[in-house]
Amino acid sequence: MASSCLTSISAVLKDLQFLKNSCPKSPEWVEELLRLTDLEAHLRIFRTFLLCVRKWGDDDDAVLGALVVRMKDAISKQGRLIFTTYNFTVGYTYRIRDLGVVPSGLRSFHPEIKEWYLVSSDWSSRQSSNSQVKKDDLMEIMGSLRENLNDIVYSMHLYNSFREQAEALEEMLTFLKNFICFVTLHGVEDMQLGPLLSQVEFVAVNAASLSFAWFCKESMSIKDDTSDLLQKIIYAEPQVHKTCVQALIASKLSRQSYAETDEHVLRGFINSLIFYLWEIIKTRACLMISLKDQLRLLFEGLISFRTILKKNLNKFDEKMRYLIRFVLCDAGLVAFSISLNAEKDGVLKDMDLVSYQDFLERLKLIKAAVAETRPETSSSNFPRTNELGFIAFLQKYMMELTSSEAGSVALVNYPIQTIQEELIFLHPFLEKIVELRNEDEELQAFWDRVVEVAYKAEFLIDSLLVGDVLDSSSISFDSIVEELKIIKAVAMKIFESNRLDLKVKEVTKSLNHMPPQSSKPIISDVVVGLEDEATSIINRLTRGSSQLQIIPIVGMPGLGKTTLAKKVYNDSSVMSHFYARAWCTVSQTYYKKNLLLQILTSIHTKLHDKFVEMSEEDLAAEVRRGLLRTKYLIVLDDIWDTEAWNALEASFPDNRNGSRVIMTSRNRDLAAPRGELDEGPHFLRPLTPDESWDLLSKRLFPGKDLPPPELCELRMQIVEMCQGLPLTIVILAGILANEDQYSWKKVVEGLNSSMLSSTEQCTAALELSYNNLPDYLKPCFLYFGAFPEDHEHATERLNWLWVAEGFAQKTQFKSAEDVANDHMMALINRSLVMVSKQRSIGGVKTCRVHDLLYEFCVRKGRQENFVQLVSGYDELYTISVPHNLRRLCINSNPGHFCKSRLFAPTIRSLLFFNNHESYQPTVTDIPFLVAIKLVKVLDLSQLNLGSTFPRELELLVHLRYLAVVGDLESIASSMSNLLNLETLILETFDSAVSLPDTIWNLKKLRHLVLKGDCLDEYCELQLPTYNLENAEHLCDLNTLSRVMLPSWDTIDKMFRKFPNIHKLKCSFYEANDSRDSADKVLALDFLSGLESLTLKFINHTGVQCQFEFQFPLTIRKLTLSGFLFPWSKISEIQNLPNLPVLKLLDGAFQGKIWNMEEEEGFPKVSFLKIASLDIVNWTASEYMDCFPSLRKLVLEDCQFLEEIPSGLGSSTLETIEASDCPFSASFIQPLQEEQMDMGNTDLKIHISSSKMNY
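Throughout, residues of each chain are indexed from 1 in the direction in which the sequence is written. Where totals are concerned, whole chains, interfaces and linings use all residues; where local detail is concerned, this predicted model gives features only for residues with pLDDT of at least 70, and gives and counts side-chain atom pairs only at 80 or more. Hydrogens are left out, water is left out, and the side-chain values use all remaining heavy atoms of the structure.

- UniProt positions are given in the numbering used here, feature names are shortened, and annotations may be inferred rather than shown by experiment. Its UniProt record, at the heading Sequence similarities (unreviewed entry), says of the chain: "Belongs to the disease resistance NB-LRR family."

## Some points on the overall build of the chain
Okay, so step 1: Helix numbers and strand numbers start at the N terminus; a helix is a DSSP run of H or I with at least 4 residues, a strand a run of E with at least 2. The helix and strand inventory of the chain stands at 44 helices and 32 strands.
Okay, so step 2: Per-residue accessibility, obtained with a 1.4 Å probe over protein chains only, is compared with the maximum for each type, and a residue is labelled buried under 20%, exposed over 50%, and partly exposed between these values. The buried share among the 1254 residues of the chain stands at 53%.
Okay, so step 3: Taking as baseline every contact in the chain between residues at least 6 positions apart, the subset at least 24 positions apart corresponds to 70%.
Okay, so step 4: Note that accessible areas follow from Shrake-Rupley with a 1.4 Å probe, and for residues the cover is restricted to the protein chains shown. Surface exposure of the chain reaches about 54,800 Å², of which carbon and sulfur atoms provide 50%. Contacts: residue pairs with any heavy atoms within 4.5 Å of one another.

## Concerning the sheet that holds strand 2 (residues 580–585)
Okay, so step 1: Strand order in the open sheet formed by five strands is 2-3-4-1-5, with parallel pairing between adjacent strands. Both edges of this open sheet fall to strand 2 and strand 5 (682–683), since each of them pairs with a single strand only.
Okay, so step 2: Relative to strand 4 (residues 660–665), strand 1 (residues 549–554) runs parallel, the two sharing six bridges. Looking at strand 4, one finds that Ile551 is bridged to Ile662.
Okay, so step 3: Interaxial angles span 0 to 180 degrees and are taken between N-to-C directions of axes, which are lines fitted to C-alpha atoms, for helices over the stretch in contact. Those strands touched by helix 23 (residues 561–569) are strand 1, strand 2, strand 3 (632–637) and strand 4, and its axis lies near 165° from that of strand 2.
Okay, so step 4: Across the face of the sheet, helix 25 (residues 592–603) comes into contact with strand 2 and strand 3 while running at roughly 150° to strand 2. Strand pairing requires that DSSP identify at least two bridges connecting the strands.

## A word on helix 22 (residues 531–542)
Okay, so step 1: A helix is expected to reach a length of 1.5 Å times the quantity of its residues less one. The first and last C-alpha atoms of helix 22 sit 16 Å apart over twelve residues, in line with the 16 Å expected at 1.5 Å per residue.
Okay, so step 2: Among the residues making up helix 22, those that are buried are Glu533, Ala534, Ile537, Ile538, Arg540 and Leu541. Taken around the axis of helix 22, the buried residues stretch over an arc of 160°, which confines them to a single face.
Okay, so step 3: The inward-facing, buried residues of helix 22 contact strand 1, helix 23, helix 24 (572–577), strand 3, strand 4 and strand 5. Arc definition: it is the arc formed by the directions from the helix axis to the C-beta atoms.

## Notes on the sheet that holds strand 7 (residues 834–838)
Consider a sheet: its strands pair through backbone hydrogen bonds, and that pairing is either parallel or antiparallel.
Okay, so step 1: Spatially, 6-8-7 is the arrangement adopted by the three strands of the open sheet, whose pairing is antiparallel. Edge strands, defined here as strands with exactly one partner in the open sheet, are strand 6 (793–794) and strand 7.
Okay, so step 2: Pairing of strand 7 with strand 8 (residues 844–848), which is carried by four bridges, proceeds in the antiparallel orientation. Across the sheet, Gln838 pairs through a bridge with Val844, a residue of strand 8.

## Some points on unusual backbone geometry
Okay, so step 1: Phi is positive for Arg629, which is not a glycine, with a value near 60°.
Okay, so step 2: Within the secondary structure, Arg629 sits in the loop between helix 27 (616–627) and strand 3.
Okay, so step 3: What makes Arg629 exposed here is its relative accessible area of 72%.

## Some thoughts on the pattern of salt bridges
Okay, so step 1: Any carboxyl oxygen of Asp or Glu within 4 Å of a side-chain nitrogen of Lys or Arg constitutes a salt bridge here. Following the criterion strictly, the structure yields 42 salt bridges and no others.
Okay, so step 2: Of the charged contacts in the structure, one is a salt bridge between Glu691 and Arg685, with a shortest N-O distance of 2.9 Å.
Okay, so step 3: The exposure class of Glu691 is buried, given its relative accessible area of 12%.
Okay, so step 4: Salt bridges sharing common partners tie together Glu40, Arg44, Arg47, Glu147 and Asp151.

## Remarks on empty space enclosed by the protein
Okay, so step 1: For each structure, a 1 Å grid was placed over the protein atoms alone; sets of points admitting a 1.4 Å probe that cannot get out are labelled cavities, open sets with protein on both sides within 12 Å along at least five of seven lines are labelled pockets, and lining residues have an atom within 4 Å of a point. Grid points are joined across faces, edges and corners, and a volume is the space filled by probe spheres set on the points. By the definition in use, this model includes six cavities of 30 Å³ or more.
Okay, so step 2: Of the volumes computed, that of the largest cavity is approximately 240 Å³.
Okay, so step 3: Forming the walls of the largest cavity are 20 residues, and the residues nearest its centre are Phe390, Glu805, Phe807, Arg886 and Arg887.
Okay, so step 4: Those elements that provide at least two residues to the lining of the largest cavity are helix 16 (387–403), helix 19 (441–465) and helix 37 (795–805).
Okay, so step 5: An automatic or database domain assignment is the source of the domain bounds shown. When we break the lining of the largest cavity down by domain, the ones giving at least three residues each are domain 2 (389–497) and domain 5 (773–860).

## Considering the confidence of the model for the chain
Okay, so step 1: Across the chain, the average pLDDT comes to 80, with 81% of residues at or above 70.
Okay, so step 2: When the criterion is pLDDT under 50, residues 345–349 qualifies, and its contacts beyond four places in sequence or with other chains add up to 14 contacts. The predictor attaches a confidence to each residue, called pLDDT, with possible values from 0 through 100.

## Section: the packing of aromatic side chains
The description of an aromatic ring pair uses the distance of the two centres, along with the angle that the planes make with each other.
Okay, so step 1: Two aromatic rings, drawn from Phe, Tyr or Trp (for Trp, its six-membered ring), form a pair once their centres lie within 6.5 Å of each other, and the interplanar angle then sorts them: stacked below 30 degrees, edge-to-face above 60, tilted otherwise. Evaluation of the coordinates by the stated rule reveals 38 aromatic pairs.
Okay, so step 2: Each ring, one from Tyr117 and one from Phe212, has its centre 5.9 Å from the other, and the planes form 45°; the classification is tilted. You can see Tyr117 sitting in helix 6 (residues 110–128) and its partner Phe212 sitting in helix 9 (residues 194–215), a full 95 residues away along the chain.
Okay, so step 3: Tyr117 gets classed as buried once you look at its relative accessible area, which sits at 2%.
Okay, so step 4: With a relative accessible area of 3%, Phe212 lands in the buried category.
Okay, so step 5: Both rings, one in Trp1178 and one in Phe1187, keep their centres 6.2 Å apart while their planes meet at 90°; by these two values the pair is edge-to-face.

## Focus: helix 37
Okay, so step 1: Among the eleven residues of helix 37, ten are classified as buried, and the element is accordingly described as predominantly covered.
Okay, so step 2: All of the buried residues along helix 37 are Thr795, Arg797, Leu798, Asn799, Trp800, Leu801, Trp802, Val803, Ala804 and Glu805.
Okay, so step 3: The positive-phi residue at the C-terminal boundary of helix 37 is Gly806, with phi of around 90°.

## Quick notes on the packing of helix 18 (residues 416–433) against helix 19
Okay, so step 1: At their nearest, the axes of helix 18 and helix 19 sit 11 Å apart, and the two run at 150° to each other. For the element pair helix 18 / helix 19, the angle class is roughly antiparallel. As for how helix 18 packs across helix 19, the hand of that crossing is left-handed. Side by side, helix 18 and helix 19 meet where Ile416, Ile419, Leu426, Phe429, Leu430 and Ile433 of the first sit next to Leu443, Phe446, Trp447, Val450, Ala457 and Ile461 of the second.
Okay, so step 2: Basically, the charged four are Asp, Glu, Lys and Arg, the nonpolar ten are Ala, Val, Leu, Ile, Met, Phe, Trp, Tyr, Cys and Pro, and anything else, Gly included, counts as polar. Each residue belonging to the contact of helix 18 with helix 19 can be placed in one class, and the counts come to twelve nonpolar, no polar and no charged. To sort the angles, those under 35 degrees are grouped as roughly parallel, those over 145 as roughly antiparallel, those from 65 to 115 as roughly perpendicular, and the leftovers as oblique. Crossing handedness follows the turn of the near helix against the far one: under a right angle anticlockwise gives a left-handed crossing, and clockwise gives a right-handed one.

## Some thoughts on the pairing of strand 27 (residues 1153–1156)
Okay, so step 1: Of the two faces of strand 27, the one holding Trp1154 and Met1156 is buried and the one holding Ile1153 and Asn1155 is not buried anywhere.
Okay, so step 2: Here strand 27 pairs with strand 29 (residues 1177–1180) via four bridges, running parallel. Within the sheet, the bridge partner assigned to Met1156 lies in strand 29 and is Ala1180.

## Remarks on the nonpolar core
Okay, so step 1: Working definition of a nonpolar core: buried Ala, Val, Leu, Ile, Met, Phe, Trp, Tyr and Cys residues. They are joined through side-chain atoms within 4.5 Å. Among the nonpolar cores identified, the biggest contains 223 residues, and Ile1133, Trp1178 and Phe1187 are the most heavily contacted of them.
Okay, so step 2: Counting residues in each nonpolar core, the second largest holds 91 residues, with Val748, Tyr770, Leu782 and Cys857 among its members.

## Considerations on the environment of Pro779
Okay, so step 1: Mapped onto the secondary structure, Pro779 falls in helix 36 (residues 778–782).
Okay, so step 2: C-alpha of Pro779 to C-alpha of Thr385: the two residues are 394 residues apart in sequence and 6.3 Å apart in space.
Okay, so step 3: Once residues lying within four places of it in the same chain are set aside, the contact partners of Pro779 are Thr385, Asn386, Phe807 and Phe866.

## A look at the packing of helix 18 against helix 20 (residues 477–496)
Okay, so step 1: Packing of helix 18 against helix 20 brings their axes to within 10 Å, and their N-to-C directions diverge by 30°. Relative to helix 20, helix 18 is oriented roughly parallel. Handedness of the crossing formed by helix 18 with helix 20: left-handed. On the side of helix 18, the interface is formed by Ile416, Thr418, Ile419, Glu422, Leu423, Phe425, Leu426, Phe429 and Lys432, while helix 20 contributes Phe477, Ile480, Val481, Leu484, Lys485, Ile487, Lys488, Ala491, Met492, Ile494 and Phe495.
Okay, so step 2: In terms of residue class, the contact of helix 18 with helix 20 is built from 15 nonpolar, one polar and four charged.

## Focus: the pairing of strand 31 (residues 1215–1219)
Okay, so step 1: Among the five residues in strand 31, four count as buried, and that is most of the element.
Okay, so step 2: Of the pairings in the sheet, the one linking strand 30 (residues 1192–1196) to strand 31 comprises five bridges and is parallel in character. Residue pairing for strand 31: Leu1193 is matched across the bridge by Ile1216.
Okay, so step 3: Handedness of a crossover is defined as follows: with both strands directed away from the viewer, a clockwise route from the first strand across the helix to the second makes it right-handed. The parallel pair strand 31 and strand 32 (residues 1244–1248) is bridged by helix 44 (residues 1224–1237), and the resulting crossover is right-handed.

## Focus on the environment of Ser743
Okay, so step 1: Assignment of secondary structure puts Ser743 in the loop between helix 32 (726–737) and helix 33 (744–749).
Okay, so step 2: Given the relative accessible area of 23%, Ser743 is considered partly exposed.
Okay, so step 3: As a C-alpha pair, Ser743 and Glu710 span 33 residues in sequence and 9.1 Å in three-dimensional space.

## Describing the environment of His577
Okay, so step 1: With respect to the helices and strands, His577 occurs in helix 24.
Okay, so step 2: As for His577 and Gly658, which are separated by 81 residues in sequence, their C-alpha atoms are 9.5 Å apart.
Okay, so step 3: Residues in contact with His577, not counting those within four places in the same chain, are Leu541, Thr542 and Lys631.

Written out as structure tokens, the structure is:
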């Protein structure tokens, strides 16, 4: 009876799949498709039950037989309905909706199925030991089970903990299936697999029971049951292990060949072996060192072998296929020997060394066969970027270790100081040959030898500090000391020969010196020429058909497509012609939701929180509503194909009012999707010789009409080389700008036109630009290749990363952050980095690099083993991590990342970026941390870690930079293990984060930041206050952001714990009785280094505060909110002598009138923002300029404001922005007229509201 019911289910599932395929894939059908998918999953879970009944059910059980009959009737009825719907009513949504709902008749079987599983799981285990089990029966059940578990994993209604358990169980079943398929492929019979098949039978029925419970969303101690079941698979009975080992030995001895169609079996088995080994590594953290090294080599070997099979398997001959089988069998034998030893006594001590050695030797033969045509690379392959900087950083690191108590104890028996002294001795010699080595093979060999020893020393020291004692003969402290003595003798011999003197004299400049001071870069874009191009585009925008028109701008990379689009977009005639404008950067990899949010950001002055939570369909509708009946201009920048347009097209209504869409693309074949082109694409021409020359001159000498003679004599040579490509001109300008004018001729003559004439040759120009960088800037530049394409970098955070990486170190007069900022400015000055946004306080807020430069950084970073970026599923699953790789950056789906079994024990930096379309990443377990214990930089800010701070993080004692995200409520006290931590960035979704009292032990902490879009005003960091008097001071703390201050009595004590703070953002509650606050004084004047201060007062009483403030005179940026101060207290702020940025937000002051008297004024304030205040009249004495340095005024959500002083920034005002201020036009117009009367005709005014921009 079960068999006939299974036949019915198979037919119904087939019809259901046909019906799903016939449904439109449009958004309005999403819900119906989900309903059909739910019904499909329900039928599959029934199929597994019926397979189990057929295998283990009692034919004489009348109750079970009746259940199967009723199930068959219900399923057949559902099948008839599906058949009818498919043949007659497909296209009628309401019929599909009725069909997709799982009938109550099917759900009514749940209690009886559950009861049978509870009884049969124990019964089947007893029976399986007394009967012969057939492989084919089990394979069918396991295949159906894996489909059930896959449905569960991707169910949006299942708890995350259940999903993770289901995922693990699915992989375990896959392992068993793949193992059986592999050995039977090589002739092993069912009789030989008896104990293993019996165990699989036991696992299958229990897994079916668990899957059904999960599917019905029942807890029933599932987590414990699953853990027990997983352990039974990994650490099975000895008899089962013996069976597996015998099967693998028989497979090795078999001469049976296999066809190409069997390749999926090999790939499946190697994936399962990787999973199996990973589970052992993950669950057995305390391994003997020798075994740990063997496991690492075995795991790395399997990962690289997987890559070889994926790329080359179909190219191998029969002999090589036999070798592949031997390698897989050897790996399986080693894995089973490990788990068998662990099961015996709980300690991993040994493995099958013969099979282990055979595996390594045979893998080496396969690699040699694959790499026959490839040049052999260096065995060491250490990073080759700024080696001298690394050695200096290592010297400083060893000095800190030997001087600290913890380091001295751990390293007391090792010659760390000897190694340090030898490197210090060699350092001047290395500085002398840093440039000469490129021209001398002997010096280059000497250089490489020192660098390799330095990297090995660091590896040994770091391994020692995490408890790994390495005693390999090839790498030990004794061998390093001996090697350094030999190197020292070679250096003395070279030095005494005086052979360097003549070479040194030829060097005219040093690439390895630090700049004397940071120079301010030219941040504004220089637009030269292209006037005819711009006019042509503007005419197409403002004239012609009233229908919606698409205007593609097409050209090669670096030709200036985006520059031209920006020039047109910001043209005054275009701005006045369109009522709404939006700029959207698409790129090669894009997500529809992000594109829609970009457009909404431009349409609406501020991005409401509700938009972020919307679905793609709702966002598309919101964009359409925003553009409906409005004349709009949309720019889609850097679009690669028509798919991006297809994703957005429905959101752009044809209002028949002259709306336009500009697209910039490299692709000449890009066609208009709907034929809205009236003149065809606009192919951007190169710059003329005169335009090229003007661009170079203005980049090098802004504001000057004539360049110096030294440049003029090179005009023809430069113009010919650049061939009208703006990017190459800008790069060349960056090179020349950092050279002495008298050496320009030599630099230009070192170039040739072939380097710059096309995209490929432009790459050579980028190489030249890179080679001209000082060594200390090269790692900073290549670091941009560690991020996804078109990533917009927050410069502050990027600077922190550079400091943690060791690229920027403090000097006698500058902090490490200031040095990092100097590096950033140097890269901007060289036109290698573009400024995206500027800070109100001055400087760069965000930046990015051009696509060509980004691609160069990715390629060069991989070549120099500096950084490797892995993007997408395929790269992630075929990655072969170089042995000495320092930095690994993953851009992938979080689930794929965790399944990839990352094993890179030598990496020092790991950055993860979520490329999944979902806005909020999936909660993910991170067991891979046990395999990267040497990591110093760890950014998991796009990987949701849940509500618990991972315990694995406590092992990463070398961490300098840590960024994590999750529903974190507290941090474990064991965080005090991270004594080297300098930057801690926490991101939370909806809760405050309590820090442990051990936070005060992190003496190196420099930046403590809480981020997130939490709407709760109490969503802040909570610092511990217990025993505050005896807590350590965080003297190095530079940044403290979003901290909730405790009671008033402890505020002063708290502030004194970080006396050298530079940037402070904090909140505190109202006093018990705000009327008694007049005697309260918030004294901050002792914080002599404080430059940026944000104070938020959480005031629920509505009573004006009377606190007194004592601000330090060093403050350059002040933001206040919530205090409801009377305007009379503004005088406490105006006395600050160095304050260029002032922001008064959200109830900072209260009162309808702010009347500035003659003695009042803010002489230094250049940026003023007033938002969400109840002010009506803002006045000042006549002819008084109360803000004589004001450049930008921002008014936001001041609903009652009717008047502002007419003399604001009389000679300096550049921009006024007013949003959601209903009366802004009435008081801004007189101000504008007065500014024009004073000659300020360039004043920019932007007035907007949440409903309209103009």
